[in-house]
Amino acid sequence: MGIVARDLVKRFAGGSGRAVDAVSFEIGSGELVALLGPSGGGKTTVLRILAGLESPDEGRVLLRGVDVTDVRVQERNIGFVFQSYALFRHMTVRENVGFGLEIRGKSRTEIDRVVSELLALVRLAELGGRYPHELSGGQRQRVALARALAPGPSVLLLDEPFGALDAKVRLELREWLRRLHEERAITTVFVTHDQEEALSVADRVIVMNRGKVEQIGTPEEIYDRPATAFVAGFVGSINELEGEVRGGRAALGSLAVHAPPGAGDGTSVRAFVRPHDVELVGVTSRVEKRSSVEVATARVERLVRVGWMVRIELTLDDDQPLTVELTKDRVAELGLAEGEEVFVNLRDAKLFVQDYSI
Amino acid sequence: MAERAGGGQGRVRVVLIGAAVLYVGTLVLLPAFSLLRGALGGGLRPFVEVLARPDVLAALGMTAKLTAFAVVVNGTLGTALAFVLVRDRFVGKRVLHALVDVPFALSPVAVGVVLLSLFGKGGLLRPITDALGWEVAFAWPAMAMATAFVTLPFVVREVGPVLEEMGTDQELAAYTLGASPFVTFFRVTLPGIRWGLAYGTTLTMARAIGEFGAVLLVSGGIAGKTETATVFVYRALEDRDDRGAYVVATVLALASIGLLLLLDLMRRKRGARAEPGG
């Protein structure tokens, strides 16, 4: 095992409440794992506990099978990339990257060799003499990565590594992190609040909310089989419909889908529907309502074009809002316009029995 | 219309610029000229002769010694204080914050009086210093204390904001790279605050060199022994030793100008690095 977290607890400074609440997980050697969740969900605190930058109030941390809970950050042999990059401002790029080797008393020639190798790897070979304030955000990020990798850590931890970068650079760096990971096979954990980032980069995703682990799984498992209502809502679903089970079907206002197994009549349910799981049958004035499928009518409130996709904001006839995404060709084919009535149908929905424990 | 308005504005500007130049000229240049005339009026030779006098050398030496003391003490303790005020949270922190500024507000003469009440004849701490055989009042220890006191806020107030702005991420990054707290302080923290520290230290020097009131009270003004440069100027004028007063005053003025240029240089250096780099 690369990393094991066992029942980690961290209380807030004030003493009330837990920032991290009984968090446990195992990460295999060489895995690339995302800690995903909303800000304030405790994921950064977990990362800092793994690094040794914070100590847990309860629980243990094991790195490479060794209990390091009481080992100082300096001796954990980890690489950490800060959200702010935290480059040493008074040092050049080369000095930054070489710092970890220099304080270990490595020879000048070895430092030079490793630094040159890493700068080539992060494609900054030309900029070794620059100072951090002379670099762009993406370049700083890569320097921070090279610096973290220089001492040869067994575990790489990244806190919101791409958060402060613009969209294009972010995509590039994601791709690049993926490739770096394939080349070096170093156990890597990164924190993000961006579900797309987590699902597209990581081998496995740990979803956290309010200090607790909601689900651990591959991106497919997280996306296709969300374990909790929170995960369903956080990962890819914009639409949330309320309803109850009636005659083996989950009635969601004017729509209905299969009831969750074991839910009797009268059970309240919450349904999460992804925008592409809504089928727009057509404009009411132009298609016949087929009695064989359960369809509802809705009004088109707004059409928002985002690149080659169109986001369609609907209001169902029972006043629940519903967002649908279609390609612009499909919208043209259906002849959709704002203010029109359409038939809609649900292809799929993630259902959760309402929790009344509150 | 617009042209006339513009012309009117132009005239106002010329008058304002003229007034500013005249004001600063009268206030700074005229005295400077007069000072130089007094010091160098007889040529360079008398100037050097005065500088070579033992009492003048002793006074300048004393000022240099007190300034060095203030720089070392407030450079280290001031930095430590800034750390405590920026990084730590404790009861009474705001009081400590306010206390650091007291030397700014308090008249140096009052500082002298306080020191005399502690170490002077019948002073509160006098039995202790006497028992230890220490000569404090009317000797350099009291003068050093007075100088250190009046210069206390400079390093704290210059280093504090730099520390605040720097945060702790760079230090934590050094830890994750394997650096001990000791190595981190000297390799990361100290270089990070160096311009703030240099700026605060330079202000400390300027203030220490110019200190007069507090030092005058506690020095006893023994010529050639406990006299600083400023106290020397004061006594020289009393003794109608005008040339001596002018020469030492000129040296003090030159030191100030040198420090001023240094400050300006540092401000520019620091400004170039002001943008966030990490």
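Predicted model only: the values in this text are computed from it and were never measured.

**Considering the overall build of chain B**
Then step 1. Of the regular secondary structure elements, chain B holds 14 helices and 0 strands.
Then step 2. Each helix and strand of chain B, placed in order from N terminus to C terminus, yields the pattern α-α-α-α-α-α-α-α-α-α-α-α-α-α.
Then step 3. Taken over the C-alpha trace, chain B has a radius of gyration of 24 Å; the compact-globule value for 278 residues is 19 Å, which it surpasses by more than 25%.
Then step 4. Dimensions of chain B along its principal axes, counting C-alpha atoms only, are 85 × 65 × 35 Å.
Then step 5. Every one of the 278 residues in chain B was classed for burial, and the buried ones make up 37%.
Then step 6. Put simply, of all contacts in chain B between residues at least 6 apart along the chain, 73% involve residues at least 24 apart.
Then step 7. Approximately 15,400 Å² of chain B is accessible, and the part contributed by carbon and sulfur atoms is 70%.
Then step 8. Each charge class in chain B was averaged separately, 26 positive and 20 negative side chains, and the resulting centres sit 4 Å apart.

**Thoughts on the sheet that holds strand β7 (residues 155-159) of chain A**
Residues and elements named next belong to chain A.
Then step 1. Here we have 6 strands laid out as an open sheet, ordered β6-β7-β8-β3-β9-β10, and mixed in their pairing. Single-partner strands in this sheet number two, and they are β6 (78-81) and β10 (212-217). Strand-to-strand twist across the sheet, computed as the mean angle between neighbouring axes with direction ignored, equals 15 degrees.
Then step 2. Sheet analysis places strand β3 (residues 32-36) next to strand β8 (residues 187-192), joined by 5 bridges and oriented parallel. The residue of β8 that forms the bridge with L32 is T188.

**Here we look at empty space enclosed by the protein**
Then step 1. A full pass over the atoms with the stated rule returns 3 cavities of 30 Å³ or more.
Then step 2. Its boundaries defined by the atoms lining it, the largest cavity holds a volume of some 50 Å³.
Then step 3. Lining the largest cavity we find B:T63, B:L66, B:T147, B:A208, B:I209, B:E211, B:V215, B:T228 and B:T230.
Then step 4. Contributing elements (two or more residues each) for the lining of the largest cavity: α3 (54-87) and α11 (181-210) of chain B.
Then step 5. Per-class residue counts for the lining of the largest cavity are 4 nonpolar, 4 polar and 1 charged.
Then step 6. Roughly 40 Å³ of volume is contained in the second largest cavity.
Then step 7. Together, A:V73, A:Q74, A:N77, A:I78, A:R104, A:P151, A:P153 and B:T176 line the second largest cavity.
Then step 8. Partitioned by chemical class, the residues of the lining of the second largest cavity number 4 nonpolar, 3 polar and 1 charged.

**A closer look at the side chain of A:R142**
Then step 1. Tracing the backbone shows A:R142 in helix α4 (residues 137-149).
Then step 2. Buried charge without a salt bridge: A:R142, with A:E172 as the nearest opposite-charge side chain at an N-O distance of 5.9 Å.

**Remarks on the domain arrangement of chain B**
All names here are of chain B.
Then step 1. According to the domain assignment, chain B consists of domain 1 (1-40) and domain 2 (44-272).
Then step 2. When each unit is reduced to the centre of its C-alpha atoms, the spacing between domain 1 and domain 2 is 35 Å.
Then step 3. Both faces combined, the contact of domain 1 with domain 2 buries some 570 Å², and carbon together with sulfur accounts for 72% of it.
Then step 4. Among the residues of domain 1 in contact with domain 2, L35, A39 and L40 are the three that bury the most area, contributing 73% of the side total.
Then step 5. Counting across the interface, domain 1 meets domain 2 through 0 salt bridges.
Then step 6. In this assembly, domain 1 and domain 2 are joined by 1 residue pair in polar contact (both at pLDDT 80 or more).
Then step 7. Here the residues of the side of domain 1 that touches domain 2 are counted per class, giving 4 nonpolar, 1 polar and no charged.

**Digging into the pattern of salt bridges**
Then step 1. Taken as a whole and assessed by the stated rule, the structure comprises 40 salt bridges over all chains.
Then step 2. The residue A:K43 makes a salt bridge to A:E160 at a minimum N-O spacing of 3.9 Å. In this pair, A:K43 is assigned in helix α1 (residues 43-51) and A:E160 in the loop between β7 and α5 (167-184), connecting sequence segments 117 residues apart.
Then step 3. Taking the relative accessible area as the measure of exposure, A:K43 reaches 4% and is therefore buried.
Then step 4. A:E160 gets classed as buried once you look at its relative accessible area, which sits at 8%.
Then step 5. Between B:R53 and B:D55 there is a salt bridge, with its nearest N and O atoms 3.2 Å apart.
Then step 6. Taking the relative accessible area as the measure of exposure, B:R53 reaches 25% and is therefore partly exposed.
Then step 7. Among the charged side chains, a salt-bridge network with shared partners connects B:R53, B:D55, B:E227, B:R235, B:D239 and B:D241.

**Considering the sheet that holds strand β2 (residues 18-27) of chain A**
All names here are of chain A.
Then step 1. In spatial order, the strands read β2-β1-β4-β5; together these 4 strands make up an open sheet with antiparallel pairing. Of all the strands in the sheet, the pair left with one neighbour each is β2 and β5 (66-67).
Then step 2. Sheet topology note: the strand β1 (residues 3-11)/strand β4 (residues 58-63) ladder contains 5 bridges and is antiparallel. Bridge assignment links V4 to a residue of β4, and that residue is L62.

**Some details on the UniProt feature "transmembrane region" (unreviewed entry) in chain B**
Residue and element names in this part refer to chain B.
Then step 1. The sites that carry the UniProt feature "transmembrane region" (unreviewed entry) are, in the present numbering, residues 12-36, 56-86, 98-118, 138-156, 204-224 and 244-263.
Then step 2. Here residues 12-36 is 100% helix and 0% strand, with 34 Å between the C-alpha atoms at its ends.
Then step 3. From the first C-alpha to the last, residues 244-263 spans 29 Å; its make-up is 100% helix and 0% strand.

**Let's talk about the interface of chain A and chain B**
Then step 1. Opposite the 28 residues of chain A that make contact, chain B presents 26 residues.
Then step 2. Each partner contributes to the roughly 2,400 Å² buried at the junction of chain A and chain B, and carbon and sulfur atoms together form 57% of this total.
Then step 3. The interface formed by chain A and chain B includes 2 salt bridges.
Then step 4. Where A:R89 meets B:E165, a salt bridge forms, and the shortest distance between an N and an O atom there is 3.3 Å.

**Brief notes about the layout of surface pockets**
All names here are of chain B.
Then step 1. Taken as a whole, the second largest pocket holds about 240 Å³ of empty space.
Then step 2. What lines the second largest pocket is simply V73, N74, L77, L106, V111, V114, L115, M145, A148, F149 and L152.
Then step 3. Put simply, the parts of the chain that give the lining of the second largest pocket at least two residues each are α3, α6 (108-119) and α8 (140-150).
Then step 4. Taken together, the residues of the lining of the second largest pocket sort by class into 10 nonpolar, 1 polar and no charged.

Cut-offs applied
- Residues numbered from 1 in each chain as written.
- Chains lettered and ligands numbered in written order.
- Predicted model: local features only at pLDDT ≥ 70, side-chain atom pairs only at ≥ 80, totals over all residues.
- Heavy atoms only, no water.
- Helix = DSSP H or I, 4+ residues; strand = E, 2+ residues; numbered from the N terminus.
- Rg over C-alpha atoms; globule rule 2.2 N^0.38 Å.
- Buried < 20%, exposed > 50% of the residue type's maximum accessible area, 1.4 Å probe, protein only.
- Contact = heavy atoms within 4.5 Å.
- Areas by Shrake-Rupley, 256 points an atom, 1.4 Å probe, with all protein chains shown as cover.
- Lys, Arg positive; Asp, Glu negative; His and termini not counted.
- Charge placed at Lys NZ, Arg CZ, Asp CG, Glu CD.
- Pairing = 2+ DSSP bridges.
- Axes fitted to C-alpha atoms, helices over the stretch in contact; angles between N-to-C directions.
- 1 Å grid on protein atoms, 1.4 Å probe; cavity = no way out; pocket = protein on both sides within 12 Å on 5 of 7 lines; lining within 4 Å.
- Points joined across faces, edges and corners; volume = space filled by probe spheres on them.
- Nonpolar A, V, L, I, M, F, W, Y, C, P; charged D, E, K, R; others polar.
- Salt bridge = Lys/Arg side-chain N within 4 Å of Asp/Glu carboxyl O.
- Domains from an automatic or database assignment.
- Buried area = accessible area lost by both parts, 1.4 Å probe.
- Polar contact = N/O pair within 3.5 Å; in protein donor to acceptor, adjacent residues only side chain to side chain.
- UniProt positions renumbered as here; feature names shortened; annotations may be inferred.

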